[in-house]
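# Report on the structure
Spelled out, the chains give:
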Amino acid sequence: MSDVFTKCVEWKDADLAKEMDLYPFYQAIEASYGATEVSVQGRRMIMIGSNNYLGLSADPRVKEAAFNAIQRYGTTASGSRLLNGTLALHEELEAKLARFLRREAAMVVSTGFQTNLAAISALPDRGDIVFADRFNHASLVDGLRLSQGIEQRYWHNDMAHLEELLAGSDPAVGKLIVADGVFSMDGDVCDLPGILALARKYGARVVIDDAHAMGVLGAKGRGTAEYFGLEDELDLVTGTFSKSFASLGGVIAGPARVINYIRHKARSVIFSAALPPPCAAAALKALEILEEEPERVTRLMDIAEKMHNGLRAMGYDTGGSVTPIIPVMIGDRMRCFALWKALFQEGIFTNPVTPPAVSAGRELLRTSYMATHTDAQLDRVLEAFERLGRRLGLIPRTRPSSYVPVQLARPGGQVPLRKSA
Ligand SMILES: Cc1ncc(COP(=O)(O)O)c(C=O)c1O
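What you see is a predicted model; the values in this text were computed from it and never measured. (Residues numbered from 1 in each chain as written. Predicted model: local features only at pLDDT ≥ 70, side-chain atom pairs only at ≥ 80, totals over all residues. Heavy atoms only, no water.)

### Structural notes on the overall build of the protein chain
Per the secondary structure count, the protein chain includes 16 helices and 14 strands. Against the compact-globule benchmark of 22 Å for 421 residues, the protein chain has a radius of gyration of 22 Å, which places it among compact chains. Summarising its shape, the C-alpha atoms of the protein chain cover approximately 65 × 60 × 55 Å along the three principal directions. Taking all 421 residues of the protein chain together, the buried fraction comes to 57%. The contacts in the protein chain between residues at least 6 apart in sequence include a share of 71% that link residues at least 24 apart. If you sum the accessible surface of the protein chain, you get close to 18,300 Å²; carbon and sulfur atoms cover 53% of it. Between the averaged position of the 47 positive side-chain charges in the protein chain and that of its 49 negative side-chain charges there is a distance of 2 Å. (Helix = DSSP H or I, 4+ residues; strand = E, 2+ residues; numbered from the N terminus. Rg over C-alpha atoms; globule rule 2.2 N^0.38 Å. Buried < 20%, exposed > 50% of the residue type's maximum accessible area, 1.4 Å probe, protein only. Contact = heavy atoms within 4.5 Å. Areas by Shrake-Rupley, 256 points an atom, 1.4 Å probe, with all protein chains shown as cover. Lys, Arg positive; Asp, Glu negative; His and termini not counted. Charge placed at Lys NZ, Arg CZ, Asp CG, Glu CD.)

Given below as C-alpha cells:
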C-alpha cells in the first residue's frame with residue numbers, strides 16, 4: 001500500500017542545503033528599519049529582495065491609515081464579500097482604483113494570487129482557448145487549471161509563435177490571451193502592442209497581470225498599458241497590493257459587466273474571506289500617495305538604471321529587464337547559492353531563484369529596488385557585488401572595456417522592448 005506521506009520523509013533537498021549552510025529560504029525578518037534595511041539572524045542588512053517598490057510599507061501615513069481602519073472596523077471582515085464581508089472601505093478602494101486605472105469598474109480580492117485565480121478561472125467556458133506566455137506567474141497558470149478553457153502556451157514574448165497558435169485555432173471558439181505585464185523573475189515587459197494587434201486580428205480578449213507594473217511603469221505608475229500608451233485598448237488588468245501598494249490583496253479592473261460577472265462567479269472570491277480592513281486602508285492610502293507623488297516612480301527608475309548599469313559595467317548579465325526587478329543571471333544552482341550566501345554574509349538580502357521557479361540553466365539572483373533606497377545603500381551593494389563576483393569567478397578580474405547600457409522609461413518616454421532569453 002502506498003502512503004502519500006512517504007515522499008515527505010524521503011525528500012531531503014532542503015536538509016542537504018542546510019547541512020551545507022546554503023539554505024536560503026524562509027529567512028525570518030526580525031525587524032524592519034524603514035523597509036530598506038531589515039534585521040535577520042540578529043544582523044542588520046540592506047534589503048534588495050523585496051517587492052515594496054515605492055517603499056510605502058514604512059510610510060507613517062500608510063501605517064496610520066491601517067491603524068485607523070482597525071479602530072473603525074476591527075481586525076477582519078469575518079466573511080466573504082458576497083455575504084457579510086463587504087465594507088464601505090472596499091467600495092471606496094474599488095472606486096478609486098477604477099478611476100486611477102481608467103477602467104469602468106474594479107473589484108478588490110483578498111490576495112494577488114486569488115485575484116488571478118478569479119479572473120482566469122471565471123472567464124473561459126468549455127472549449128475556449130487561453131493563450132498563455134510560458135513565463136507567466138504561477139497564479140495565472142493555476143487560474144487556467146481551474147478554468148474550463150484549453151491551455152496553449154506560447155514561447156516567452158514570441159509574437160510569431162502566438163500568431164501561429166491563434167491562426168491554427170477554431171475561429172468560432174472564445175479566445176483569451178494572458179500575460180504578465182512585467183515578468184516577475186526577469187523584469188522584462190510583455191510585448192503589449194504585439195499582443196493587442198494579434199488579439200484584434202483573431203478576435204481574442206486580453207488580460208494583463210500588472211502585479212509588478214502598477215506603481216512602476218508609466219509616467220503615473222498606472223502600469224504596462226500606460227507605458228505603451230494603450231490604456232484604451234486593454235480589456236482587463238489585474239494587480240496586487242503586496243508590491244507597490246504596501247499591503248496585501250489584489251484588483252481586477254475592466255468593463256463593468258465583466259467585473260460584475262467575475263464577482264458572482266469566481267470561487268476564489270465568493271468562497272474566501274474579504275480583504276481585512278487594515279489591508280484595504282493601507283492600499284487605499286498608498287494609492288493616494290502614488291497619485292500625489294509620482295516623482296517616486298521617477299526615482300525608482302533612476303535607481304533601477306543606476307543598478308542595471310552598475311552591474312553590467314562589472315560584467316554581470318541582467319537579462320532582458322527594463323525595470324527595478326534586476327536579475328543577475330548565473331545559470332548554475334550552486335554558483336547562484338554561493339553568490340547569495342556571500343552577499344548575505346556581507347549584510348545584503350537577495351533572492352536566489354532556481355528550478356522550478358525558472359528552468360534549469362536559467363538560475364539567477366533576483367534583486368529588486370525601492371524608491372526609498374539611498375545612494376549610499378546602493379553604492380554599498382554595488383561594491384559588494386563587484387568584490388564578491390570577482391572572488392567567486394562570476395565576473396572578470398578587470399572591468400570589460402565596454403558594455404551595453406540599459407536605458408529605462410521616463411515620464412512621457414518609452415523604450416524599446418528587450419527580451420529575456
Ligand atoms: C506576477 C505576479 N502575479 C501575482 C502575484 C500574486 O500576488 P500576491 O503575492 O499578492 O498574492 C505575484 C506575487 O508573487 C506575482 O509576482
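### Re unusual backbone geometry
Between Pro355 and Pro356 the backbone carries a cis peptide bond, its omega angle lying at 10°. Relative to the elements of secondary structure, Pro356 occurs in the loop between strand 13 (351–353) and strand 14 (364–368). Positive phi, normally seen in glycine, also occurs at Asp21, with a value near 60°. You will see that Asn157, though not glycine, has its phi angle at about 55°, which is positive. Exposure remark for Asn157: the relative accessible area of 9% places this residue in the buried category.

### Re the site of the ligand
Taken together, 14 residues lie near the ligand, and Phe113, Asp209, His212, Thr240 and Ser242 sit nearest. Phe113 is positioned such that a nitrogen or oxygen atom in its backbone is 2.8 Å from an oxygen atom of the ligand. A distance of 2.7 Å separates an oxygen atom of the ligand from a polar side-chain atom of Ser242. Coverage of the ligand by the protein chains reaches 83% of its 390 Å² of free accessible surface. Residue composition of the shell around the ligand, grouped by class: two nonpolar, nine polar and three charged. (Near = heavy atom within 4 Å. Polar contact = N/O pair within 3.5 Å; in protein donor to acceptor, adjacent residues only side chain to side chain. Nonpolar A, V, L, I, M, F, W, Y, C, P; charged D, E, K, R; others polar.)

### Let's talk about the packing of helix 6 (residues 112–122) against helix 11 (residues 256–265)
For the pair helix 6 and helix 11, the least separation of the axes is 10 Å and the interaxial angle reads 105°. When the axis of helix 6 is compared with that of helix 11, the two are roughly perpendicular. Judged by residue contacts, Ala118, Ala119 and Ala122 of helix 6 engage Tyr261, Ile262 and Lys265 from helix 11. Along the lines of polarity and charge, the residues of the contact of helix 6 with helix 11 split into five nonpolar, no polar and one charged. (Axes fitted to C-alpha atoms, helices over the stretch in contact; angles between N-to-C directions. Parallel < 35°, antiparallel > 145°, perpendicular 65-115°, else oblique.)

### Notes on the layout of surface pockets
Empty space left among the atoms is revealed by rolling a probe the size of a water molecule over them. Considering only enclosed or pocket space, the largest pocket measures out at about 960 Å³ in volume. Among the elements of the structure, helix 7 (138–146), helix 15 (333–345) and strand 13 are those that each provide at least two residues to the lining of the largest pocket. In terms of residue count, the dominant contributor to the lining of the largest pocket is strand 13 (three residues). Looking at the lining of the largest pocket residue by residue, the class counts come to 16 nonpolar, eleven polar and six charged. Of the residues that make up the lining of the largest pocket, three or more belong to each of domain 1 (6–57 + 294–391) and domain 2 (60–292). (1 Å grid on protein atoms, 1.4 Å probe; cavity = no way out; pocket = protein on both sides within 12 Å on 5 of 7 lines; lining within 4 Å. Points joined across faces, edges and corners; volume = space filled by probe spheres on them. Domains from an automatic or database assignment.)

### A short note on the packing of helix 3 (residues 60–73) against helix 13 (residues 277–292)
Two elements in contact, helix 3 and helix 13, have axes separated by 8 Å at closest approach and are oriented at 145°. You can see that helix 3 and helix 13 cross each other, and the crossing is right-handed. Across from Arg61, Val62, Ala65, Ala66, Ala69, Ile70 and Tyr73 in helix 3, the residues of helix 13 making contact are Pro277, Pro278, Ala281, Ala282, Lys285, Ala286 and Ile289. Along the lines of polarity and charge, the residues of the contact of helix 3 with helix 13 split into twelve nonpolar, no polar and two charged. (Left-handed = near helix turned anticlockwise from the far one by under 90°.)

### Some thoughts on the pairing of strand 14
With five of its five residues buried, strand 14 lies for the most part within the structure. Neither face of strand 14 is exposed, since Leu364, Arg366 and Ser368 on one face and Leu365 and Thr367 on the opposite face are all buried. In this sheet, strand 14 lies alongside strand 11 (residues 325–329) in antiparallel orientation, the contact comprising five bridges. Its bridge partner being in strand 14, Pro327 is matched across the sheet by Arg366. (Pairing = 2+ DSSP bridges.)

### Concerning the side chain of Glu231
Checked against the element boundaries, Glu231 lands in the loop between helix 10 (224–228) and strand 9 (236–240). The class for Glu231 is buried, based on a relative accessible area of 12%. There is a polar contact of 2.7 Å between the side chain of Glu231 and the side chain of Arg222. When near neighbours in sequence (up to four residues on either side) are disregarded, Glu231 contacts Leu101, Arg102, Arg103, Arg222, Ala225 and Glu226.

### Quick notes on the sheet that holds strand 11
Taken in spatial order, the three strands line up as 11-14-13 in an open sheet, and their pairing is antiparallel. Each having just a single partner strand, strand 11 and strand 13 make up the two edges of the open sheet. Across this sheet, the average inter-strand angle for adjacent strands is 30°, counted without regard to direction. The sheet contact formed by strand 13 and strand 14 spans three bridges and is antiparallel. Bridge pairing links Asn351 to Arg366 in strand 14. Contacts from helix 15 reach strand 13 and strand 14, with the element oriented near 40° to strand 14.

### Things to note about the domain arrangement of the protein chain
Each domain of the protein chain was delimited in the assignment, giving domain 1 (6–57 + 294–391) and domain 2 (60–292). Taken over C-alpha atoms, the centre of domain 1 sits 26 Å from the centre of domain 2. The partner domain 2 presents 29 residues to the 26 residues of domain 1 that form the contact. Around 2,000 Å² of area is buried between domain 1 and domain 2 when both sides are counted, 63% of it from carbon and sulfur atoms. (Buried area = accessible area lost by both parts, 1.4 Å probe.)

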